[in-house]
Amino acid sequence: MDEIKVIVFDADDTLWDCQSWFDEVEQRCCDLLKPWATAREVSEGLFATEHQNLPLTGYGTKAFTLSLIENAIRLSKGQLTSNDVMRLIDMGKELLRFPTKPLPEVQETLEALSESRRFQLVVFTKGELMDQEDKLRRSGLERYFSHMETVSNKTEREYRQLCENLDVAPEQTLMVGNSFRSDIAPALTAGAWAAHIPYHVVWELEKSEEYPHERLHKIAHFNEILSLV
């Protein structure tokens, strides 16, 4: 790890809480649909709808909102009122404005890394460009990063493209993220180092098998990054 020049950070559920807000909206949707379906039916239907729509809509808040509405209309057999649909739309809009307060130790760690002037700090995330950029601005962390890339998906190909854009070899980068599937596995496959910091909630579509690797470090606290590098 002595050759690391760039530290790459995931955004949602790595720098700030995100999934908890989506889970809350899902619960409110379950309450709305009580006349037609159980909470389990709503959640399972939403997951199936999101998975089916993924190739068309990709990741992000707007994609989630469309699936939320589609699933609700299907489960209610078209009996959902226009007012109910507006409530779901408003829930989706709330997800575009939730507070992106940095998670514990994030700001202090980024401050220390920035002051060291040893590394280029980069945000690498997936979803909708405007939404992700706005969340970074709201977090107050934007000043620590010299570069941000938002992609439609995170695979080995996108990670290699990121390294090419930064003019750095994958083995000279450290990827920090909460999702083994989207953050850790693609980076390791590309040849990078990785620090996996699991979050207490995980989106169903991000769940995957984990495995040990010689370039992988699993950490419990964000400031452990300082001892790694």
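Residues numbered from 1 in each chain as written. Predicted model: local features only at pLDDT ≥ 70, side-chain atom pairs only at ≥ 80, totals over all residues. Heavy atoms only, no water.

## Considering the overall build of the protein chain
Helix and strand content of the protein chain: 9 helices and 6 strands. Judged by the C-alpha coordinates and their principal axes, the protein chain covers about 60 × 30 × 30 Å. Expressed as a percentage of its 229 residues, the buried residues of the protein chain come to 50%. Here the contacts in the protein chain between residues at least 6 apart in sequence split such that 69% fall between residues at least 24 apart. Working note: accessible area of the protein chain is about 11,600 Å², and carbon and sulfur atoms make up 50% of it. If the 25 positive side-chain charges of the protein chain are averaged to one point and the 39 negative ones to another, these points end up 3 Å apart. (Helix = DSSP H or I, 4+ residues; strand = E, 2+ residues; numbered from the N terminus. Buried < 20%, exposed > 50% of the residue type's maximum accessible area, 1.4 Å probe, protein only. Contact = heavy atoms within 4.5 Å. Areas by Shrake-Rupley, 256 points an atom, 1.4 Å probe, with all protein chains shown as cover. Lys, Arg positive; Asp, Glu negative; His and termini not counted. Charge placed at Lys NZ, Arg CZ, Asp CG, Glu CD.)

## Thoughts on the packing of helix α1 (residues 19-32) against helix α4 (residues 82-94)
For any two helices packed against each other, one specifies the crossing angle of their axes together with the interaxial distance. Where α1 contacts α4, the axes come no closer than 11 Å and their chain directions differ by 170 degrees. Relative to α4, the element α1 is oriented roughly antiparallel. The segment α1 lies against α4, with V25, R28, C29 and L32 engaging D84, R87, L88, M91 and E94. Looking at the contact of α1 with α4 residue by residue, the classes come out as 5 nonpolar, no polar and 4 charged. (Axes fitted to C-alpha atoms, helices over the stretch in contact; angles between N-to-C directions. Parallel < 35°, antiparallel > 145°, perpendicular 65-115°, else oblique. Nonpolar A, V, L, I, M, F, W, Y, C, P; charged D, E, K, R; others polar.)

## Section: the sheet that holds strand β4 (residues 173-177)
Taken together, the 6 strands give an open sheet; going across it, the order is β3-β2-β1-β4-β5-β6, and neighbouring strands pair in parallel fashion. In this open sheet, the two edge strands, each paired with only one partner strand, are β3 (147-151) and β6 (216-218). Within the sheet, the average angular offset between the axes of one strand and its neighbour, ignoring direction, is 20 degrees. Sitting on the sheet, helix α6 (residues 129-139) is in contact with β2 (120-126) and β3, with an inclination near 145 degrees to β3. With respect to the sheet, helix α8 (residues 180-190) is in contact with β2, β4, β5 (193-196) and β6, its orientation differing from that of β5 by roughly 160 degrees. (Pairing = 2+ DSSP bridges.)

## Describing the packing of aromatic side chains
Any two aromatic rings considered together are summarised by their centre-to-centre distance and by the angle between their planes. In the structure shown here, the tally under the stated rule is 7 aromatic pairs. Geometrically, the ring pair formed by F9 and F222 is stacked, given 5.8 Å between the ring centres and 25 degrees between the ring planes. Of the two residues, F9 is situated in strand β1 (residues 6-9) and F222 in the loop between β6 and α9 (224-228); the sequence distance between them amounts to 213 residues. Here F9 matches F222 in class, with each residue buried. Ring plane angle 75 degrees and centroid distance 6.0 Å describe the contact between F124 and Y159, whose orientation is recorded as edge-to-face. (Phe/Tyr/Trp six-rings, centres within 6.5 Å; stacked < 30°, edge-to-face > 60°.)

## Looking at the packing of α1 against helix α3 (residues 61-75)
Close contact between α1 and α3 brings their axes to 12 Å; oriented N to C, the two are set at 15 degrees. Classified by the angle their axes make, α1 and α3 are roughly parallel. Every pair of crossing elements has a handedness; the one defined by α1 and α3 is right-handed. Every residue of α3 that contacts α1 at F22, V25 and C29 is listed here: T61, F64 and L68. Per-class residue counts for the contact of α1 with α3 are 5 nonpolar, 1 polar and no charged. (Left-handed = near helix turned anticlockwise from the far one by under 90°.)

## Some details on the environment of T189
Considering the arrangement of structural elements, one finds T189 in helix α8. Sequence separation between T189 and R157 is 32 residues; the distance between their C-alpha atoms is 9.6 Å. Not counting residues up to four positions away in its chain, the partners in contact with T189 are E156 and R160.

## With respect to the nonpolar core
Counting residues in hydrophobic clusters, the biggest one holds 48 residues, and the most contacted among them are I7, F9, L15 and F145. Top contributing element to this core by residue count: α1, with 5 residues. The contacts of F145, once residues within four sequence positions are left out, are F9, L15, L110, L121, V122, V123 and L136. If you look at the next biggest cluster of nonpolar residues, it comprises 14 residues, including V8, F124, L166 and M175. (Core = buried A, V, L, I, M, F, W, Y, C linked by side-chain atoms within 4.5 Å.)

## A closer look at the pairing of β3
Bridge analysis of β2 against β3 gives 5 bridges, and the strand direction is parallel. Each bridged residue has a counterpart across the sheet, and for F124 the counterpart in β3 is E149. With α6 bridging β2 and its parallel neighbour β3, the resulting β-α-β unit is right-handed. (Right-handed = clockwise from strand over helix to strand, strands pointing away.)

Nothing here speaks to function; it is geometry throughout.
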